[in-house]
Amino acid sequence: MIRCDRTAAWAALQGHYQAHGRDLDLREAFARDPGRFAAFSQEAPEIFADLSKNLIDTATEHFLLDLARECGLEARRDAMFAGQPINTTEGRAVLHSALRAPRGAGLVSDEVHDVLDRVLALAEQVRDTASSGFTDVVNIGIGGSDLGPAMVVPALDAFAHRGLRLHFVSNVDGHDIVPVLRGLDARRTLFIVASKTFTTQETLANAQVARAWFLQQGGTDIARHFVAATTNVTAAAAFGITQTFGFWDWVGGRYSLWCAIGLPIAIAIGADNFRALLAGANAMDQHFAQAPLAQNLPVRLGLLDLWYRNFHGFSSRSVAPYHQGLRRLPAYLQQLEMESNGKRVDVDGALLPFGTSPVVWGEPGTNGQHAYFQMLHQGTDVIPVEFILVKTPAHAEADLHRKLLANGLAQSQALMLGKTAAVARGEKAPTASPMLDPDVLAAHRSFPGNRPSTTLLLDTLTPRSLGALIALYEHRVFVSGALWGINSFDQWGVELGKALAGELLPRLGSGDVVGLDGSTAGLLQRLTR
Ligand code: F6P
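Residues numbered from 1 in each chain as written. Predicted model: local features only at pLDDT ≥ 70, side-chain atom pairs only at ≥ 80, totals over all residues. Heavy atoms only, no water.

Colleague: I'm lost on the overall build of the protein chain in this one. Help?
Modeller: In terms of regular secondary structure, the protein chain is built from 23 helices and 11 strands. At 25 Å, the protein chain has a C-alpha radius of gyration in line with the 24 Å of a compact globule built from 529 residues. Each principal axis of the C-alpha distribution contributes one length, and for the protein chain these read about 75 × 60 × 60 Å. Looking at the 529 residues of the protein chain, the share that counts as buried comes to 53%. (Helix = DSSP H or I, 4+ residues; strand = E, 2+ residues; numbered from the N terminus. Rg over C-alpha atoms; globule rule 2.2 N^0.38 Å. Buried < 20%, exposed > 50% of the residue type's maximum accessible area, 1.4 Å probe, protein only.)

See below:
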């Protein structure tokens, strides 16, 4: 691949940004072009995307698509799907898409479907609560072995088994596992120890606490009550877990909810719904693999991300799912995007002269509106917002849902339209001080507008549409990472802290601060005296 900043299209984009891009006004753009909504919207499997409230015009997209072609994005994408070792620092293929390919269709279909069949068979056994006796399932895992299932299970609550409670324990902080265990009956609980490597300190420590608790409670059949999802079956066996579900080094942790790591999802929603989740993701894979770049939603979104990060200089993006079930989506996306693209060197190890991953953050609407939207509307930074709206809810409270949708639409409208000082001046604000100069008040009550947003629209939140949505995000992260010339599939940045924690752990027992920096020594002394 050619790195984005070494292309002719990059230079063209710089010129375009200076001449038009920087000053594009969305209100004028809509007034000028009645076809803007159609031109900047995109149908993809299960998802309609409105990109028209973004700071782009036809020329911007034209130059961005040139950039994608010049960088060799299509060849890079094809290399991923073909199983080439594009994760160069670990010498691994990146084949999470093969996890959702139909039987017989993927590169590694036999092994994938063998494990999938076993995972789904166990899920169905557990779901048969009359004979399994289980009422609670505790997933112990962290990062990619937690965030995907912890996001999907509440999102698909409408499809969930009503006789089973799913719990997620991730943090090595005992305040996570202790309250969960308090409410459990050992005879009726299944623990899933989820760890790609089976070496992660937090997960092993929590698994040990769970096992000790289980035995203390009189539990006897560890083989039935503890299962593992891991690539390291030997380490799981050494821990005493005999029922294991394997996966492979070509599945990145943050891309692993589609395989054995998805066991809690399969238990919650059942085999057929889990297969629908995979089918939705597969439909998005096909779209990404085959749609022309100009009508390819992951490509258009990835290019937009690059445009905002590298030309407008926006360093963050807010995600606002207007669906309470998607409350863990921002946390899931933080790992997906920031662990993948939070890199400062390119694949050749050269320091990058431009920004990479934005900060991704957010909360479900409308809650976020009553917390940080103030800053989105009137703060000094421009932060593109991504709204996710679902047309038909899984409940019968139609009035609540209309209010939810009205709010989602209103926020993107308000961000774009803003309010001039003249309009603000003409309004009577009941809570405004009558003592204040009207111009000063108008300055406080006006909105600059022209703040960009994307709206993703789903008909209903189903296993299939959620699968497509997650795969859309995976591929979009791939697109920006590929254009930036980075390896989106390693995560060396988490290693240093892990190693230092290992060195500090015995010092927390002994109080020894010899050789530590002054701040860490001072803090450790306060913690141990
Ligand atoms: O935080 C780093 C990380 O390696 C993530 O990439 C991964 O998802 C997480 O730890 C958990 O790792 P494992 O599944 O091996 O326990």
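Colleague: Looking at this model, I keep getting lost on the domain arrangement of the protein chain. Mind explaining?
Modeller: For interface size, the figure often reported is the accessible area lost on association. Domain boundaries assigned for the protein chain yield domain 1 (4-71 + 291-417 + 451-490), domain 2 (96-276) and domain 3 (496-528). Placing the centre of domain 1 and that of domain 2 at their C-alpha centroids yields a distance of 32 Å. Across the contact, 28 residues belong to domain 1 and 22 residues belong to domain 2. Across the interface of domain 1 and domain 2, roughly 2000 Å² is buried in total on both sides, 66% from carbon and sulfur atoms. Counting every contact that joins domain 1 to domain 2 gives two salt bridges. Measuring nitrogen to oxygen at the nearest pair gives 2.7 Å for the salt bridge that ties Arg100 to Glu474. The interface formed by domain 1 and domain 2 contains nine residue pairs in polar contact (both at pLDDT 80 or more). Residue assignment for the side of domain 1 that touches domain 2 shows that the elements contributing at least two residues are helix 16 (329-341) and helix 21 (463-484). In terms of residues, the side of domain 1 that touches domain 2 owes the most to one element, helix 21, which gives nine residues. (Domains from an automatic or database assignment. Contact = heavy atoms within 4.5 Å. Buried area = accessible area lost by both parts, 1.4 Å probe. Salt bridge = Lys/Arg side-chain N within 4 Å of Asp/Glu carboxyl O. Polar contact = N/O pair within 3.5 Å; in protein donor to acceptor, adjacent residues only side chain to side chain.)

Colleague: Please explain the site of the ligand as it appears in this structure.
Modeller: Among the 13 residues in the neighbourhood of the ligand, the closest are listed as Gly144, Ser145, Ser195, Thr197 and Thr200. For the ligand, an oxygen atom lies 2.7 Å from a polar atom in the backbone of Lys196. A breakdown of the residues in the shell around the ligand according to their chemical character gives two nonpolar, eight polar and three charged. (Near = heavy atom within 4 Å. Nonpolar A, V, L, I, M, F, W, Y, C, P; charged D, E, K, R; others polar.)

Colleague: How should the side chain of Asp490 be read in this particular structure?
Modeller: Checked against the element boundaries, Asp490 lands in the loop between helix 21 and helix 22 (495-510). Here the side chain of Asp490 touches Thr89 through a polar contact of 2.6 Å, side chain to side chain. Setting aside residues up to four positions removed in sequence, Asp490 forms contacts with Asn87, Thr89, Glu90, Arg254, Glu339 and Lys343.

Colleague: Sorry, what's going on with the sheet that holds strand 11 (residues 453-460) here?
Modeller: Two strands in a sheet stick together by hydrogen bonds in their backbones, pointing the same way (parallel) or opposite ways (antiparallel). Ordered by their spatial adjacency, six strands build an open sheet running 1-2-11-10-8-9, and the pairing between neighbours is mixed. Each edge of the sheet is formed by a strand with only one pairing partner; in this case those strands are strand 1 (41-44) and strand 9 (359-362). Pairs of neighbouring strands in the sheet enclose a mean axial angle of 20°, with direction left out of account. Taken together, the three bridges between strand 2 (residues 47-50) and strand 11 define a ladder with antiparallel strand orientation. For Phe48, the partnering residue across the bridge sits in strand 11 and is Leu457. Here helix 16 sits on the sheet in contact with strand 8 (316-321), strand 9 and strand 10 (385-392), set at roughly 175° to strand 9. The strands touched by helix 18 (residues 398-417) are strand 10 and strand 11; relative to strand 10, the strand with the most contacts, the crossing angle is about 150°. (Pairing = 2+ DSSP bridges. Axes fitted to C-alpha atoms, helices over the stretch in contact; angles between N-to-C directions.)

Colleague: What should I look at first to understand the sheet that holds strand 5 (residues 189-194) in this one?
Modeller: Strand order in the open sheet formed by five strands is 4-3-5-6-7, with parallel pairing between adjacent strands. Every other strand in the sheet has two partners, leaving strand 4 (165-169) and strand 7 (243-246) as the edge strands with one partner each. Averaged over neighbouring strand pairs, the angle between their axes works out to 20° when direction is ignored. Bridging between strand 5 and strand 6 (residues 226-230) involves four bridges; their strand directions are parallel. Residue pairing in the sheet places Val193 in a bridge with Ala228 of strand 6. Packing against the sheet, helix 9 (residues 174-182) makes contact with strand 3 (136-140), strand 4 and strand 5, and its axis sits at approximately 155° to strand 4. Across the sheet, helix 10 (residues 201-216) lies against strand 3, strand 4, strand 5 and strand 6, angled at about 160° from strand 5, the strand it touches most.

Colleague: Even after reading the chapter, I still don't get the pairing of strand 11, so can you show me in this structure?
Modeller: Every regular strand shows the same layout, with side chains that alternate between the two sheet faces. For strand 10 and strand 11, the ladder comprises seven bridges, and the chain directions are parallel. Note on strand 11: the bridge partner recorded for Val385 is Ser453.

Colleague: I tried to follow the packing of aromatic side chains on my own but got confused; where do I start?
Modeller: Here the distance between the centres and the angle between the planes together describe a pair of aromatic rings. For the structure on display, the rule yields 19 aromatic pairs. Relative to Phe239, the ring of Phe198 has its centre 6.0 Å away and its plane inclined at 70°; by these criteria the two rings are edge-to-face. Pair noted here: Phe198 is in the loop between strand 5 and helix 10 and Phe239 is in helix 12 (residues 233-239), with a separation of 41 residues, a long-range link. For the residue pair Phe198 and Phe239, the accessibility class agrees, reading buried in each case. For the ring pair Phe214 and Phe226, a centre distance of 5.6 Å and an interplane angle of 80° mean the geometry is edge-to-face. One end of the pair, Phe214, is in helix 10; the other, Phe226, is in strand 6, with 12 residues separating them in the sequence. Phe226 shares its class with Phe214; the two are buried. (Phe/Tyr/Trp six-rings, centres within 6.5 Å; stacked < 30°, edge-to-face > 60°.)

Colleague: Is there a simple way to think about the environment of Gly280 in this case?
Modeller: With respect to the helices and strands, the residue Gly280 is situated in helix 14 (residues 271-290). Discounting residues that sit within four places of it in the chain, Gly280 has contacts with Arg464, Gly467 and Ala468.

Colleague: Just checking my understanding: could you explain helix 21 for this structure?
Modeller: An α-helix turns once every 3.6 residues. As a result, residues three or four positions apart point the same way. In this model helix 21 runs 32 Å from its N-terminal to its C-terminal C-alpha over 22 residues, within 8% of the 32 Å that 1.5 Å per residue would give. Of all 22 residues in helix 21, 21 are buried, a share of seventy percent or more. Following helix 21 by one or two positions, Gly485 has its phi on the positive side, about 75°. (Expected span 1.5 Å × (residues − 1).)

Colleague: I'm lost on unusual backbone geometry in this one. Help?
Modeller: Across the chain, the bulk of peptide bonds are trans and the bulk of non-glycine residues have phi less than zero. Here the bond from Gly365 into Thr366 is cis, since omega is 5°, no more than 30 degrees from zero. Considering the arrangement of structural elements, one finds Thr366 in the loop between strand 9 and helix 17 (373-378). The phi dihedral of Asn450 is positive, around 60°, even though this residue is not glycine.

Colleague: Explanation requested: the pattern of salt bridges in the structure shown.
Modeller: Where charged atoms from two side chains of opposite charge approach closely, those side chains can pair. This structure, assessed with the given rule, holds 29 salt bridges. Salt bridges linked by common partners bring Asp305, Arg317, Glu337, Glu386 and Arg476 together as one network.

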